[in-house]
Structures are given as structure tokens and as C-alpha cells.
Number of protein chains: 2
Amino acid sequence: MEHRIDRIKKQLHAQSYKLTPQREATVRVLLEREEDHLSAEDVYLLVKEKSPEIGLATVYRTLELLSELKIVDKINFGDGVSRYDLRKEGAAHFHHHLVCTECGSVEEIEEDLLEDVEKIVKNDWGFQVKDHRLTFHGICKQCQQETANTTT
Amino acid sequence: MEHRIDRIKKQLHAQSYKLTPQREATVRVLLEREEDHLSAEDVYLLVKEKSPEIGLATVYRTLELLSELKIVDKINFGDGVSRYDLRKEGAAHFHHHLVCTECGSVEEIEEDLLEDVEKIVKNDWGFQVKDHRLTFHGICKQCQQETANTTT
DNA sequence: TATAAAAAGATAATCATTATTTATAATTAA
DNA sequence: TTAATTATAAATAATGATTATCTTTTTATA
Ligand SMILES: [Mn+2]
Ligand SMILES: [Mn+2]
Ligand SMILES: [Zn+2]
Ligand SMILES: [Zn+2]
């Protein structure tokens, strides 16, 4: 945890931004809930638990800043709010998501899986890929099993 | 054009919805601007040119309905508005997009390209894929050339 | 034709996000 | 150190996309 915070601190300093107490509190929430996909409001409420004096606008500003620095990725699952997701340490690309249309669960895939596709995009379209967003919609393992059980 | 309209009419009827004049006008705009990625507001303004009496809420309702029937796909490029994209005829999955971070252009890829990835998702995660969203962010061919020209 | 249901129009309400304005904390120059 | 300068935060107003509501119109059905 402290190691990750230090790393992020350095990334901020490299662009001459400071890791203020409010920013640190926000980053800590993101680290603590790394496998979740929190909205700005979610982050705000969680930060408030430890730092009740923080303002919502500050959380928005911090998330915006962290997005610019590619420390977090902004993602949209189509439910009307943006969600913020810490980039995995040292990852060049954003990771992928499996969204279950039955139960709403979100699983993460850290493996790249797109090397071949990116080669095709490069060769056939002449497009130089910098990043990507890949989300699969479907039915998660658990929901499949539950359906199978109900049917039998 | 008329053929596509007929097809969509049947898809609506199959779910006991009607192709009202307002819905038809909306669908015609989507067909005429098939390679674009229009927001609800964009669609509204274009429909108004031919059918000035239509209301914005009706356009929203129609786009929502067409989304439910998988005639259009709702997509979000992170600029604060939802965009609506006609699904290619007979396509099982949504097509892919190349978004240029320099000029903002959006290219479409109709080829699937994800067969292998979906197999891995199925086998390794037990996730049954129903649909997907894949967007690459990067630099389009033209912008690359312009940069090259400027440099030389 | 009378009645019921579906859809549309008009517009108000909601709500996520952004902008603004004022206050506070950190840096820098004198 | 003290006085500017700058960066950041807090509070809150404004914006703008989307949704909800309420009334009217159109379409289907008895
Ligand atoms: Mn994630
Ligand atoms: Mn498209
Ligand atoms: Zn599930
Ligand atoms: Zn470009």
C-alpha cells in the first residue's frame, strides 16, 4: 500500500503536482477498493468516512487529474455514471471487463489478449494503437450454474 | 433503404410495437447517417428538418426502444453523451471502433476479430459472451502522415 | 361509434458533472 | 521573517443530458 502511494506520489511530482491530503485520501480509497468499479459519488462517500471535510468537487478534480496521468482509467458501463479504475502496476494497456447482464457482477481480465488484434489494426488500418477499452457482456459462471440448477 | 426499413418494421411488429411516422423518421435519419455516431440531440435536430413537429422526448424514447430490440447499439466515447449506432445487418455482435485522439475521427471495423479471445473467455473464465464493446484509442493514418510531414 | 390502449408532445424534474467564487495552504521573492 | 504569488480546496451555483410526468392525439378493439 505505502509502496503504491509512494509511486503515485512520484508520478504526480514528475508533472509538478502535489500529493495533498485530499488526493492521498482519494488514492487510498481507490487502492482499498481496487477490485471494485467506483463512481465519483462512491469514492466521495468512502473518502468522507475518513476525511469528512472533503468536498465532492475535490474528488472529481482528483479523479480527473489521476485520469490525465493514466493512474486511473475512466470507464463507462452504460449505467449513466463514469467509473474509475486503478490501472494495474506497470500495465501499458487498460485491463478488460466481463459484465454479467444477469447479476451485474464485473470481473477483470488482466491478460492482454489483444496482441494479434492490434497487429491487424496496425497492418490493415494503419492505426497506431495507444490504448483500448474491451468489455464483454454476457452471463457469468455463477449465473449459468444457477440457471442450470433451476432447470433440473 | 426501403428494404432496411421493412426489416426493422418487422422486428418491431415481432415485439408488437408499431413503426409510427415518428419512429420511421428517426430510423431514416439513422440509416442516412449510418457511418456517423450521432447523439440523441444530433438525431433530434436531423429528424426535425423533415418532421419539425417531433419532440426530443420521442426521439429518446425511440432510440431507447431501438436499443432494446438490438437494432441500434448505444455507445459512449467518454465525451458526456450517448451515441447511437445502427447494428450492421445480421451482425451477431457490435462492430469495433478506432477513435483518433488527435483529430477525433471514428473509424469502424466490421470484422469480428475476437473469435479467439471469446474462446479464451469462455474456457478460462466460464463466461458466456453475448455481446461486446471494443474501442481502440490511438492515432489514425492521416494524423500519422501529417506528423511525419511536419517533422521532415 | 364508443372505449381502451399506445404513443406522442410539452415541459418539468432529476442528477451527474462542471464552473465559479471565496478561502486556505504552500512557495517564492524581498 | 514577511509579503506577495500560486496552487489547491470548499461551498455552492450552473449546466446539460436524460428521464419522468401529465395531457393530448392516434390507433386498435369491442
Ligand atoms: Mn477493472
Ligand atoms: Mn459505429
Ligand atoms: Zn452473473
Ligand atoms: Zn486522426
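Residues numbered from 1 in each chain as written. Chains lettered and ligands numbered in written order. Predicted model: local features only at pLDDT ≥ 70, side-chain atom pairs only at ≥ 80, totals over all residues. Heavy atoms only, no water.

1. Remarks on the coordination of the manganese ion (ligand 1)
Residue and element names in this part refer to chain A.
Next up, step 1: Of the protein atoms, only H37 (NE2), D85 (OD), H95 (NE2), H97 (NE2) and E108 (OE) coordinate the manganese ion (ligand 1), at distances of 1.9 to 2.3 Å.
Next up, step 2: In primary-sequence terms, the residues that donate to the manganese ion (ligand 1) follow H-x47-D-x9-H-x1-H-x10-E. One end of the pair, H37, is in the loop between helix 2 (21-32) and strand 1 (38-39); the other, D85, is in strand 3 (residues 82-86), with 48 residues separating them in the sequence. (Donors = N, O, S within 2.8 Å, 3.2 Å for Na, K, Ca; no water. Helix = DSSP H or I, 4+ residues; strand = E, 2+ residues; numbered from the N terminus.)

2. Quick word on the relation of the copies chain A and chain B
Two copies of one chain are present, and they are related through a rotation about an axis combined with an axial shift.
Next up, step 1: At an RMSD of 0.1 Å, chain A and chain B line up after a rotation of 180° and a shift of 0.1 Å along the axis. When the rotation and shift are considered jointly, the pair of chain copies conforms to a two-fold rotation axis. Taking C-alpha positions as reference, the residue of chain A nearest the rotation axis is L134 of chain A, located at 2.3 Å.
Next up, step 2: Of the interface residues in chain A, 100% have counterparts in chain B that sit at the interface too, so the contact is made through matching surfaces. (Least-squares fit on C-alpha atoms with pLDDT ≥ 70 in both. Contact = heavy atoms within 4.5 Å.)

3. Considerations on the coordination of the manganese ion (ligand 2)
Residues and elements named next belong to chain B.
Next up, step 1: At 1.9 to 2.3 Å from the manganese ion (ligand 2) lie its protein donor atoms, namely H37 (NE2), D85 (OD), H95 (NE2), H97 (NE2) and E108 (OE).
Next up, step 2: On the primary sequence, the residues serving as donors to the manganese ion (ligand 2) are separated as H-x47-D-x9-H-x1-H-x10-E. Here H37, found in the loop between helix 2 (21-32) and strand 1 (38-39), pairs with E108, found in strand 5 (residues 106-109); they are 71 residues apart in sequence, far enough to count as distant. For the residue pair H37 and E108, the accessibility class agrees, reading buried in each case. (Buried < 20%, exposed > 50% of the residue type's maximum accessible area, 1.4 Å probe, protein only.)

4. Some points on the domain arrangement of chain A
Residue and element names in this part refer to chain A.
Next up, step 1: Here the domain parsing of chain A yields domain 1 (1-90) and domain 2 (93-152).
Next up, step 2: If you average the C-alpha positions of domain 1 and of domain 2, the two centres end up 24 Å apart.
Next up, step 3: Counting from both sides, the interface comprises eleven residues of domain 1 and, opposite them, eleven residues of domain 2.
Next up, step 4: Contact between domain 1 and domain 2 buries roughly 900 Å² in total, counting both sides, with carbon and sulfur atoms accounting for 55%.
Next up, step 5: Summed over the three residues of domain 1 that lose the most area to domain 2, namely F77, R87 and K88, the buried surface amounts to 50% of that side.
Next up, step 6: Among the ionic pairs, R133 bridges to D73, the shortest N-O distance being 3.7 Å. (Domains from an automatic or database assignment. Buried area = accessible area lost by both parts, 1.4 Å probe. Salt bridge = Lys/Arg side-chain N within 4 Å of Asp/Glu carboxyl O.)

5. Let's talk about the interface of chain A and chain B
Often, the extent of an interface is quoted as the loss of accessible area on bringing the components together.
Next up, step 1: Counting from both sides, the interface comprises 33 residues of chain A and, opposite them, 33 residues of chain B.
Next up, step 2: With both chains or domains summed, chain A and chain B bury close to 3000 Å², and 67% of this area falls on carbon and sulfur atoms.
Next up, step 3: Considering only the side of chain A, the residues that lose the most area to chain B are W125, F127 and F136 of chain A, jointly responsible for 25% of the buried surface there.
Next up, step 4: In this structure, the connection of chain A to chain B is made through zero salt bridges.
Next up, step 5: Sorting the residues of the side of chain A that touches chain B by element identifies strand 4 (96-100), strand 5 (106-109), helix 5 (115-125), strand 6 (128-139) and helix 6 (141-151) of chain A as the ones contributing at least two each.
Next up, step 6: For the side of chain A that touches chain B, the element with the most residues is strand 6 of chain A, which contributes twelve residues.
Next up, step 7: For the side of chain A that touches chain B, a count of residues per class yields 16 nonpolar, eight polar and nine charged.
Next up, step 8: With eleven bridges joining them, strand 6 of chain A and strand 6 (residues 128-139) of chain B adopt antiparallel strand pairing. Bridge assignment links R133 of chain A to a residue of strand 6 of chain B, and that residue is T135 of chain B. (Nonpolar A, V, L, I, M, F, W, Y, C, P; charged D, E, K, R; others polar. Pairing = 2+ DSSP bridges.)

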